[in-house]
Amino acid sequence: MNILKSALVLCFFALSLLSGAQSFEGLVIYKVEYLSVPEGMSEDRLCEQIYLYTNGDQHRVEEKGIASGNVFLYSAGYPFETVLLNWLGHPVAISQSLNYPESPLSLESKTSSVAGQSCSLVKINDQLVFCADELKGQFPWLPMIENLPLSFNIVRYGCEMQVTAIQIEHMPIDIAYFQVPKEYSMMDKSELQGLFGEFDTQYSKE
């Protein structure tokens, strides 16, 4: 009975969110508010906004308002994450594999409007996410959701963040946005540590 109920919930979720949804290409700007921050973390480690560039298959996430200005690149299916860093004046790209755990989804009855878009509330375990009803698209930090997440809580670097879309722009995104620039050296964390010693960036704290 529980299996049948779960299947019906997922079916309803898919039909409700994906019917008539259009694939999104463009830029979404999110504001970031902090619900909790690790003791001793300095303010220059906290981003104020997140920019998501996407063409549907590829994604670029930029953290704004912090000294490091990390940039994250993801390809279709994104089993890998590539981070662009400017470490001590050296442009470096670090790539690592990702392993997202399976997360059960359920569609809640609550709806809302975020950045001018009607949204439905989805529950992932204990996490609540408002997703655009009419925009099919993904935020790489929530890969299990196929409609564009516009308001959600997430924990990164030990901080609990409330992330809310404040601007949505439909536009073509140049393919170069999703590629590692030629001036960046590709390496893994151990190679970076070998060259520059023990490093301390937001990315290394994950």
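Refer to the structure presented above.
Residues numbered from 1 in each chain as written. Predicted model: local features only at pLDDT ≥ 70, side-chain atom pairs only at ≥ 80, totals over all residues. Heavy atoms only, no water.

A.B. asks: Would you mind showing me how to read the overall build of the protein here?
C.D. replies: Each helix and strand counted, the protein has 2 helices and 13 strands in total. Relative to its 206 residues, the protein shows a buried fraction of 43%. A sequence separation of at least 24 residues applies to 50% of the contacts in the protein between residues at least 6 apart. For the protein, the exposed area adds up to about 11000 Å²; of that, 50% sits on carbon and sulfur atoms. (Helix = DSSP H or I, 4+ residues; strand = E, 2+ residues; numbered from the N terminus. Buried < 20%, exposed > 50% of the residue type's maximum accessible area, 1.4 Å probe, protein only. Contact = heavy atoms within 4.5 Å. Areas by Shrake-Rupley, 256 points an atom, 1.4 Å probe, with all protein chains shown as cover.)

A.B. asks: Would you mind showing me how to read the packing of aromatic side chains here?
C.D. replies: Here the distance between the centres and the angle between the planes together describe a pair of aromatic rings. Evaluation of the coordinates by the stated rule reveals 7 aromatic pairs. With a centroid separation of 6.4 Å and an interplanar angle of 45 degrees, the aromatic rings of Y51 and Y53 are classed as tilted. Relative accessible area serves as the criterion here: at 19%, Y51 is assigned to the buried category. Where F139 meets W141, the ring centres are 5.2 Å apart and the plane angle is 65 degrees; that geometry is what we call edge-to-face. In this structure, F139 and W141 share a single accessibility class: buried. Over the aromatic face of Y51 sits the side chain of K64, whose NZ or CZ is 4.9 Å from the ring centroid. Lying over the aromatic face of W141, R156 brings its terminal NZ or CZ to 3.6 Å of the ring centre. (Phe/Tyr/Trp six-rings, centres within 6.5 Å; stacked < 30°, edge-to-face > 60°. Lys NZ or Arg CZ within 6 Å of the ring centre and 35° of its normal.)

A.B. asks: Just checking my understanding: could you explain the nonpolar core for this structure?
C.D. replies: Most often, soluble globular proteins keep nonpolar side chains buried together rather than apart. Grouped together as the largest cluster of nonpolar side chains are 45 residues, with contacts concentrated most on V28, Y30, I50, W141, L148, L150 and F152. Here I50 is in contact with V28, I29, Y30, V32, V61, E62, F139, W141 and V163, once residues within four sequence places are set aside. The next biggest cluster of nonpolar side chains, apart from the first, holds 6 residues, and it includes I29, Y51, I173 and F178. (Core = buried A, V, L, I, M, F, W, Y, C linked by side-chain atoms within 4.5 Å.)

A.B. asks: Please clarify how the side chain of E81 should be interpreted in this entry.
C.D. replies: Checked against the element boundaries, E81 lands in strand β6 (residues 80-87). Among the polar contacts listed, one links the side chain of E81 to the side chain of Y74, at a separation of 2.6 Å. (Polar contact = N/O pair within 3.5 Å; in protein donor to acceptor, adjacent residues only side chain to side chain.)

A.B. asks: What is the right way to read the pairing of strand β5 (residues 71-74) from this model?
C.D. replies: For a regular strand, side-chain orientation follows a simple rule: the groups alternate between the two sheet faces. Where burial is concerned, the two faces of β5 agree: the one with V71 and L73 and the one with F72 and Y74 are both buried. For strand β4 (residues 59-64) and β5, the ladder comprises 4 bridges, and the chain directions are antiparallel. Opposite E62, over in β5, you have V71 as the bridge partner. Of the pairings in the sheet, the one linking β5 to β6 comprises 3 bridges and is antiparallel in character. (Pairing = 2+ DSSP bridges.)

A.B. asks: Looking at this structure, I do not really get the pairing of strand β8 (residues 105-114). What am I missing?
C.D. replies: Where β8 and strand β9 (residues 117-124) come together, 7 bridges link them in antiparallel fashion. When the bridges of β9 are listed, L107 appears paired with V122. Remark: 2 residues form the turn of the hairpin made by β8 and β9, two consecutive strands paired antiparallel; A115 in that turn has positive phi of roughly 50 degrees.

A.B. asks: What is the right way to look at the side chain of D133 in this model?
C.D. replies: Considering the arrangement of structural elements, one finds D133 in strand β10 (residues 127-136). It turns out D133 is buried and unbridged, and the closest side chain with the opposite charge, K110, is 14 Å from it. Within the local environment of D133, its side chain forms a polar contact with the side chain of S120, the two groups lying 2.6 Å apart. (Lys, Arg positive; Asp, Glu negative; His and termini not counted. Salt bridge = Lys/Arg side-chain N within 4 Å of Asp/Glu carboxyl O.)

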